[in-house]
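Chains, contacts and geometry: an overview
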Amino acid sequence: MEEYTREPCPWRIVDDCGGAFTMGLIGGGVFQSIKGFRNAPSGMGRRLVGSLAAIKQRSPIIAGNFAVWGGMFSTIDCALIHIRKKEDPWNSIISGAATGGILAARNGLPAMAGSAFIGGVLLALIEGVGILFTRLSAEQFQPQPPVFEDPSQLGQQPGGYSFQ
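The notes below deal with the structure included here. Remember, it's a predicted structure, so these values are computed and weren't measured experimentally. (Residues numbered from 1 in each chain as written. Predicted model: local features only at pLDDT ≥ 70, side-chain atom pairs only at ≥ 80, totals over all residues. Heavy atoms only, no water.)

Some points on the overall build of the chain
Summing up its helical and strand segments, the chain has four helices and zero strands in all. Listing every helix and strand of the chain by position from the N terminus yields α-α-α-α. Relative to its 164 residues, the chain shows a buried fraction of 23%. Within the chain, contacts between residues separated by at least 24 positions form 51% of all contacts whose residues are at least 6 apart in sequence. (Helix = DSSP H or I, 4+ residues; strand = E, 2+ residues; numbered from the N terminus. Buried < 20%, exposed > 50% of the residue type's maximum accessible area, 1.4 Å probe, protein only. Contact = heavy atoms within 4.5 Å.)

In structure tokens:
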């Protein structure tokens, strides 16, 4: 089975930023299409035009916001890897909390604290689920103890007959 390895740190930032942009563009497109369809005047043609207009107006903004979050998260994560000299789940949790706090800085200290807490908790949940799945999938690859046959049963067939 092929192991997934991440890019080295300078390229990881660009990779994560692009992935977040793409995810925001697709998710924002789906969400804005539904929102535009619902808010448009009645008639199928008008609703489709409203849906497309909403996608064109809001999806790039949502994608840009996702890209900023992904780029900042990866930058902080790479900085923590460099400072701490190890790559573990704590880097992601701290990065999520710091990213949430930094992005909410314009709204004041209470908003920063709340966003940092939410970011840290979300990343802790994501890392916890990842660790859980890793441990559950690792159990199926553990070596099994050898099965020894009972010497008294060696000469007997399943039907009870023996070859003596």
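Topic: the state of the cysteines
As enumerated under the stated definition, the model contains one disulfide in all. The partner cysteine of C9 in its disulfide is C78, sulfur to sulfur 2.3 Å. Taking the torsion about the sulfur-sulfur bond, which here is approximately -100°, the covalent link between C9 and C78 counts as left-handed. Here C9 is found in helix α1 (residues 9-39), whereas its partner C78 is found in helix α2 (residues 44-84), with 69 residues between them in sequence. For C9, a relative accessible area of 22% gives the class partly exposed. (Disulfide = S-S within 2.5 Å.)

Points about the environment of P10
Summarising the element assignment, P10 is placed in helix α1. We classify P10 as exposed; its relative accessible area is 57%.

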